[in-house]
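Architecture and fold: a report
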Amino acid sequence: MKPYLLDLFVASARTRTRTPGWVIRWYLSIFEPPLGKTLRLDMVKALLRQSKCDLKGKRALDVGCGIGDLAFTLAARGAKVTGVELDAGKVESANQIAHKWNFPQENLQFLVGDVTKLDQMNLGLFDAIFCVALLEHIQDDVALLEQIQHLLCPGGFFILEVPSATRKTIPEVEAEDGHVRPGYFFEEVPALLSRTGFHLVATRTMDSLGLRYRWCASSRVLPGRTARGQLFAVFAPVFIPLIRLTSMLVKRPGAELCFLAVKERVLDTSPSTGG
Ligand SMILES: C[S@@+](CC[C@H](N)C(=O)[O-])C[C@H]1O[C@@H](n2cnc3c(N)ncnc32)[C@H](O)[C@@H]1O
C-alpha cells in the first residue's frame, strides 16, 4: 500500500478504535483495508480501466470524499483533485497527509463543505466527478445530481457508487452510517441519471451473494464496538477475496452498484415562462 494511503487509514482507524497504531500499520502492511470501501473502489477502478479514462492533468472532484483515499489515488494518477467533505476532522487529516507527502495544493486539496451546497462553493468546472457511498446520505438526491451535472465540463464523466436497496442490512449499522435511505434499485439508477442530465455509459456491480452482510453479521457475535471491529478485520482477508470471486462468477446485481455516466445536455433549470 502506498505510504500516504497507509497514513490515511491509520489516522482514520485511530479515531474509531483503541487498537494501537503499530498493530493497524502492521495489519495494513499485509492486508487490504478491512472495509467495504476496498470493494467499492474495485468497481470505480474497473470502470476507469474499462472506459480508458485518462486523468492526467484533468480536474476531478470527489464529492463526500471521507478520509480522502480515492482523491489521493486520483491525484497519484495525475489528476488535479478537490475533495469536499462535511467532517472537518477528516479534511484536516487528509490535508496534513497531502502536505507531508508533498502533494502540491493545486493538485490535491480537501475542503470542508456541505455537498448539498456545492453550487455556492465556486469550485469551477470538472472533467470528472466521483460520488462514492454518499448519495444514500443525502435527502434531496436529485438536487445533488443536478448540481454535479452543472459542475461537469461538456464531455466530462461522472462515477456514482451506491448500495443496492435489495441488500440485507443490519439496522443499527445503517443508523450509525447515517443513511437516509437503504440504497437504490439497480434498475432505477439509469432513469435517475437520465432525468438529471447524464447518459449512462457503463455499470459494475459487486457482492451478488450478499457476503458483506454475512461478514458484518458474523463479526457482531462479539460484544462492544472495538471487539467487533477487530473481528471484522480478522475476517476481512477471507471475505474480501471471496466477495471478489463470487462477484466475478455470479453475474447479477449485487449489494454494491457503480455507474459511469457522461454529461448529456445542459439542464435547463430556469423558471418556466409558459402561460
Ligand atoms: C460512507 S462515507 C463515504 C466516504 C468516501 N466517499 C468513501 O467512499 O470512502 C460518506 C461520507 O460522506 C460525508 N457526508 C455526508 N453528508 C455530507 C454532506 N452533506 N456534505 C459533505 N459530506 C457529506 C460523510 O461525512 C462521510 O465522510
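I will try to describe carefully the structure that is included in this document. (Residues numbered from 1 in each chain as written. Predicted model: local features only at pLDDT ≥ 70, side-chain atom pairs only at ≥ 80, totals over all residues.)

Brief notes about the pairing of strand β7 (residues 256-263)
Definition in use: Exposure classification rests on a simple neighbour count of other C-beta atoms within 10 Å of a residue's own: a residue reaching 20 or more is buried, one at 12 or fewer is exposed, and one in between is partly exposed. C-beta atoms are placed from the backbone. Each helix corresponds to a stretch of at least 4 residues labelled H or I by DSSP, and each strand to a stretch of at least 2 residues labelled E; elements are numbered beginning at the N terminus. Two strands are counted as paired when DSSP detects at least two bridges linking them.
For β7, the buried fraction is high: 7 of the 8 residues fall into the buried class. With 7 bridges joining them, strand β5 (residues 152-163) and β7 adopt antiparallel strand pairing. Across the sheet, E161 pairs through a bridge with C258, a residue of β7. Inspection of the sheet shows strand β6 (residues 198-206) paired to β7 by 8 bridges, in the antiparallel sense. Each residue of the ladder has a partner; that of T203, found in β7, is F259.

So, the pairing of strand β2 (residues 80-85)
Which entries qualify depends on this criterion: Consider the strands pointing away from the viewer: the crossover is right-handed when the path from the first strand over the helix to the second runs clockwise.
Among the 6 residues of β2, 5 are classified as buried, and the element is accordingly described as predominantly covered. Summarising the sheet, strand β1 (residues 59-63) and β2 pair through 5 bridges and their orientation is parallel. Counted as the bridge partner of D62 is G83 from β2. Crossover connection from β1 via helix α4 (residues 69-76) to parallel β2: handedness right-handed. Two elements, β2 and strand β3 (residues 108-112), share 5 bridges in a ladder whose sense is parallel. Across the sheet, V81 pairs through a bridge with L108, a residue of β3. What joins β2 to β3 is helix α5 (residues 88-100), and the crossover it makes is right-handed.

Points about the site of the ligand
Rule in force here: A residue counts as near a molecule or strand when its C-beta atom, positioned from the backbone, falls within 6 Å of it. Three residue categories are used. Nonpolar comprises Ala, Val, Leu, Ile, Met, Phe, Trp, Tyr, Cys and Pro, charged comprises Asp, Glu, Lys and Arg, and polar comprises the others, including Gly.
Close to the ligand lie 17 residues, the nearest being G64, G66, L86, V115 and A133. Mapped onto the shell around the ligand, the elements with two or more residues apiece are α3 (36-50) and β2. Taken together, the residues of the shell around the ligand sort by class into 7 nonpolar, 4 polar and 6 charged.

Things to note about helix α1 (residues 3-16)
What counts here: Each residue after the first adds 1.5 Å to the expected span of a helix. Here the contact rule is simple: place C-beta atoms from the backbone, and any two residues whose C-beta atoms are within 7 Å are in contact.
With 14 residues, α1 extends 20 Å between its outermost C-alpha atoms, agreeing within 8% with the 20 Å of an ideal straight helix rising 1.5 Å per residue. Structurally, α1 contributes buried residues whose contacts are with α2 (21-30), α4 and α5.

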